[in-house]
Amino acid sequence: TTTILYSLPKSGTVRIRISNVLGETVADLVNGYQKEGNHRILFNGTGLASGVYFYSIHFQTKIISKKMLLLK
C-alpha cells in the first residue's frame, strides 16, 4: 500500500489512473469532482505483480505522471 498526495489549485474534475509499463490501465483510483486543496489517496497493489507502474493525475488540461515500484 502507498499513499499518493496531490494538491489542486482549484476545484474540478480529477482522474488518477495506474498503468503498467505497457501503458495498460490496471486501476482507476479517482474519477470525479474534487474541491481545491490537498488530497491523499491510498493505492493497494494486491493482485498486481511486482514491477514498475505509473500513476497519472489528469486535471483540466494538465497531466502529471510519476513512476513507482511495486515490491512484494
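## Some details on the overall build of the protein chain
Stage number 1. Helix and strand counts for the protein chain stand at zero helices and six strands.
Stage number 2. Starting at the N terminus and ending at the C terminus, the protein chain contains elements arranged as β-β-β-β-β-β.
Stage number 3. Whereas a compact globule of 72 residues would reach a radius of gyration of roughly 11 Å, the protein chain reaches 12 Å, a difference of no more than 12%.
Stage number 4. Taken along its principal axes, the extent of the C-alpha atoms in the protein chain is 35 × 20 × 15 Å.
Stage number 5. Intrachain contacts of the protein chain at a sequence separation of at least 6 include 55% that bridge at least 24 residues.
Stage number 6. Put simply, the protein chain shows about 5,000 Å² of open surface, and 52% of that area lies on carbon and sulfur atoms.

## Re the nonpolar core
Stage number 1. Counting residues in hydrophobic clusters, the biggest one holds 16 residues, and the most contacted among them are Y6, V14 and I18.
Stage number 2. Listed by contribution, the elements that provide at least two residues to this core are strand 1 (2-8), strand 2 (12-20), strand 3 (25-34), strand 5 (51-59) and strand 6 (62-70).
Stage number 3. With four residues, strand 5 is the largest single contributor of residues to this core.

## Remarks on the side chain of Q34
Stage number 1. Tracing the backbone through its elements, the reader meets Q34 in strand 3.
Stage number 2. There is a polar contact of 2.8 Å between the side chain of Q34 and the side chain of Y6.

## Here we look at the pairing of strand 5
Stage number 1. One ladder, built from seven bridges, connects strand 2 with strand 5; its direction is antiparallel. In the strand pairing of strand 5, N20 is matched with Y53.
Stage number 2. In this structure, strand 5 lies alongside strand 6, joined through nine bridges in antiparallel fashion. Within the sheet, the bridge partner assigned to I57 lies in strand 6 and is I64.
Stage number 3. Where strand 5 folds back onto strand 6 in an antiparallel hairpin, the turn is made up of two residues, including Q60, whose phi is positive at roughly 55°.

Thresholds, definitions, all that
Residues numbered from 1 in each chain as written. Predicted model: local features only at pLDDT ≥ 70, side-chain atom pairs only at ≥ 80, totals over all residues. Heavy atoms only, no water. Helix = DSSP H or I, 4+ residues; strand = E, 2+ residues; numbered from the N terminus. Rg over C-alpha atoms; globule rule 2.2 N^0.38 Å. Contact = heavy atoms within 4.5 Å. Areas by Shrake-Rupley, 256 points an atom, 1.4 Å probe, with all protein chains shown as cover. Core = buried A, V, L, I, M, F, W, Y, C linked by side-chain atoms within 4.5 Å. Buried < 20%, exposed > 50% of the residue type's maximum accessible area, 1.4 Å probe, protein only. Polar contact = N/O pair within 3.5 Å; in protein donor to acceptor, adjacent residues only side chain to side chain. Pairing = 2+ DSSP bridges.

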